[in-house]
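Understanding the architecture of this molecule
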Amino acid sequence: MMKKKEVVAMLLAGGQGKRLKGLTRTLAKPAVYFGGTYRIIDFPLSNCSNSGIDTVGVLTQYEPLVLHSYIGVGSDWDMDRKDGGVFVLPPHEREDGSSWYRGTADAIFRNLKFLEQYDPEHILILSGDHIYKMDYDKMLEYHKEKNADCTISVVNVTMEEASRFGILNTEDDLKIYEFEEKPEQPKSTLASMGIYLFKWDVLKKHLYEDEHNPDSSFDFGKDIIPLMLKNEKLLYAYPFEGYWRDVGTVQSLWQSNMDLLSDEPLLNLNDPTWRIYTRNPNQPAQYIAPGSKIVNSIVNEGCVVYGSVNHSVLFYGIEVGEGSEITDSVIMPNVKIGKNVRIHKAIIQEDMVIEDNTEIGVDRSNPDEILLIGIEDLIEEPEQAVTISTIIEK
Amino acid sequence: MSDLMGVINLDYELDQLNELTYFRCGAAVPFAGRYRLIDFVLSNMTDAGVKDISLFVRRKFRSLMDHLGEGRPWDLDRKRGGLFILPPDWNDPSDTSHGDLQHIRNNLDFFNRGSAKYVLHVGSQHISKVDFCDVYRYHKEQGADVTLVYTKVEQLEPEHDPCLRLDVNEDGFVSSIHHERDHSNVYMEMFVMEKSFFLEQVRHCIAHGDSYFFRDAIQKNQHQLKIAAYEYKGYHAVINSVESYYKNSLDLLTPENYNSLFKDRSVNTKIKYEAPTKYLDSADVSNSLVANGCIIGGTVENSILFRGVRVHKGAKITNSIIMQKCVIGENAVIENVILDKDVNLPSNRMLVGDVKRPFVIAKSSTL
């Protein structure tokens, strides 16, 4: 018998994130790099660790290899526990046949056995797609105070943005009476963050009910929440204040990286009381050569910089040759940049080699577009591998 | 390669780095932005597949224990074997041993329990990238009683003065071990010996009232033993004084030294979960080594910043080493200075040391 846990978190990490294009060609969205050293999933995992939640199931499906090996036994997030810890839960074969997870709710339903081992009071549903720092323990206090069946964390968005989100319509005391997915005429600006805290017994009943509904899409937002509202359960919105971003597109991923570059960023990664943990690549201190110039940027260990870096994010193990200029860009791990290279407003994927004198994104037709340069683009036409400009034309 | 078991013997190392070794032993002195001196020899050992490593410590080892923990960054947190930190705790009334022999004598269990047949015995003051697999191969090939690792030093400096020197003959054997200061073959305090032979020598030394293994078992018997000399070529620094610490630290600011110490295989150290370093609009950094977690708004030249250093706007740091979590206030000026951990330098202050004799500020000092 496992030790009883008050809360078990289930982290949905099976999404592809198609709009991230080449960034998710071989890995799931939660494994995408962010902020000079992290992967997106570091944020919810570190939030769990910092909030005192030590039992987390990570539901994987799309391209799970990187995620599985990255999470390992969870020691980087202090989750290598005797009781509890982090568990990777991919879809598995069962007696009644097997299938993929058909939706977010189905993924939880298919892991009832995992959850019941811990006899939890509450289940925290998280998604591995967002960048934010949040104390789930405070949300739990609120959830218990309200004696809610379900508490949904919300952010206040503008009226214009509201039609892009799942919107919760509430009474004055934040009791939810309606959920609208991407409404054309929003009645409220409280957008769901995809963070749900359920009473376990209530959720279990609704998962069973939903599972037997032939028309269901087995989704928390589309099916479970409306079903709970229909069954007159007590649902509350929990207002979250602070930095929260869905980095679902190349543009938003780039923007979120750029958000870190102001002198006092909204997302403080240097807070010793709320560390974001990540797997450490163990690189030496960065070497900044004479004649180089780095401003408004974040640079990780293992970088060797001879050129100039302005308003950019450099992950670890990057070389920037003499005379090269990097502006408004995100350079992912182990990219080697030659001499006199110019890179502007681009995301360069890991392990790329950028030859001397290459220009990326300098002459451009669309000034707002973020160029995404990945190694896969080169493999298709190996003879053109030396001239990166060919990909940019595409 | 589990044929080797390792001993890092800090018993006879003197803590001569002034303020830097007031509260810690030399092996625990921070180096190169994110390491401690011990990391280099320890990483070389684990890279060579050494799985049982014991550390003979005698004093000021609290921070060393904190740094090493159970050895996880070196993959030494094993079910069998792994890392053993052995403090001077012995209570055998029949024990008549002295010096570092005392450590070996009272920790015979370590040697007897390990399955490895050879002992690799090292110190912590020689920073290098020695390949111990190759040393072991050479030792067996030469059929020697003991193999000593040395390097040819082109330009001898004061820090080499205390080092032993080796005369090496054409066949690669040591013909003499001595202290001639102008001799360039510097012994790196690393040797390999068969375990059974090692323990036999230990017993013999103790029986004769000796006190230091190397001096009494090897150096005194240099003409009776078959002593092979393994020549190491590559990055090498000896750190046994503030001056050598300062000089060798700043010497890492050349690409040749940086690459030869860090690039071919990485050096392991205790993990800290710091964010990458942030360069503000007013930052101006050149020819410097910078670890993670720093926020830089000032000017940094020819310097080393350890993890989590904060350099405020208008501050200017030149030829200095700033250790973990120091805060340099606005418009403060620092030149030729070593700041140990957690020093807070208020705004507009000035600290200037001499190029040859840097000004050292002890850990957590308030200025």
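Residues numbered from 1 in each chain as written. Chains lettered and ligands numbered in written order. Predicted model: local features only at pLDDT ≥ 70, side-chain atom pairs only at ≥ 80, totals over all residues. Heavy atoms only, no water.

**Let's talk about the sheet that holds strand 28 (residues 359-361) of chain B**
With mixed pairing, 10 strands are arranged side by side in an open sheet as 26(A)-23(A)-20(A)-17(A)-14(A)-16(B)-19(B)-22(B)-25(B)-28(B). Of all strands in the sheet, those with a lone pairing partner are strand 26 (353-354) of chain A together with strand 28 of chain B, marking the two edges. Strand direction decides the pairing type here: strand 25 (residues 337-339) of chain B and strand 28 of chain B, joined by 3 bridges, are parallel. Pairing of B:Leu339 across the sheet is with B:Ile361, part of strand 28 of chain B. (Pairing = 2+ DSSP bridges. Helix = DSSP H or I, 4+ residues; strand = E, 2+ residues; numbered from the N terminus.)

**Digging into the interface of chain A and chain B**
Across the contact, 43 residues belong to chain A and 36 residues belong to chain B. Counting each side, the surface lost to burial between chain A and chain B is near 3200 Å², with a carbon and sulfur contribution of 46%. Applying the counting criterion to the chain A and chain B interface returns 3 salt bridges. A salt bridge links B:Arg34 to A:Glu301; the shortest N-O distance between them is 3.2 Å. If you look at where chain A meets chain B, you find 24 residue pairs in polar contact (both at pLDDT 80 or more). Here the residues of the side of chain A that touches chain B sort into 20 nonpolar, 17 polar and 6 charged. Here strand 14 (residues 286-288) of chain A runs beside strand 16 (residues 288-290) of chain B; their pairing, made up of 3 bridges, is antiparallel. Residue pairing in the sheet places A:Tyr287 in a bridge with B:Leu289 of strand 16 of chain B. (Contact = heavy atoms within 4.5 Å. Buried area = accessible area lost by both parts, 1.4 Å probe. Salt bridge = Lys/Arg side-chain N within 4 Å of Asp/Glu carboxyl O. Polar contact = N/O pair within 3.5 Å; in protein donor to acceptor, adjacent residues only side chain to side chain. Nonpolar A, V, L, I, M, F, W, Y, C, P; charged D, E, K, R; others polar.)

**Description of the UniProt feature "domain: Nucleotidyl transferase" (unreviewed entry) in chain A**
Residues annotated in UniProt with the feature "domain: Nucleotidyl transferase" (unreviewed entry) correspond here to residues 9-261 of chain A. Annotation note: span residues 9-261 of chain A, helix share 29%, strand share 25%, distance between end C-alpha atoms 31 Å. (UniProt positions renumbered as here; feature names shortened; annotations may be inferred.)

**Re the nonpolar core**
Among the nonpolar cores identified, the biggest contains 117 residues, and A:Val56, A:Ile347, A:Ile348, B:Ile296, B:Leu305 and B:Leu339 are the most heavily contacted of them. For B:Leu305, the residues in contact, after removing those within four places along its chain, are B:Gly33, B:Leu289, B:Val290, B:Ala291, B:Cys294, B:Ile296, B:Val300, B:Val311, B:Ile317 and B:Ile322. (Core = buried A, V, L, I, M, F, W, Y, C linked by side-chain atoms within 4.5 Å. Buried < 20%, exposed > 50% of the residue type's maximum accessible area, 1.4 Å probe, protein only.)

**Focus on the domain arrangement of chain B**
Residues and elements named next belong to chain B. Segmenting chain B into domains produces domain 1 (4-262) and domain 2 (278-361). Taking only C-alpha atoms into account, the centre of domain 1 sits 33 Å from that of domain 2. Domain 1 puts 19 residues into the contact, and the matching count from domain 2 is 23 residues. Buried area between domain 1 and domain 2, both sides added, is near 1800 Å², and the carbon and sulfur share of it is 66%. Our count for the domain 1 to domain 2 interface comes out at 2 salt bridges. When the shortest N-O distance is used, the salt bridge between Asp340 and Arg24 registers 2.9 Å. Linking domain 1 with domain 2 are 5 residue pairs in polar contact (both at pLDDT 80 or more), by the criterion used here. Of all the secondary-structure elements, those providing two or more residues to the side of domain 1 that touches domain 2 are strand 2 (30-31), strand 3 (35-36) and helix 8 (242-251). At 6 residues, helix 8 tops the list of elements feeding residues into the side of domain 1 that touches domain 2. (Domains from an automatic or database assignment.)

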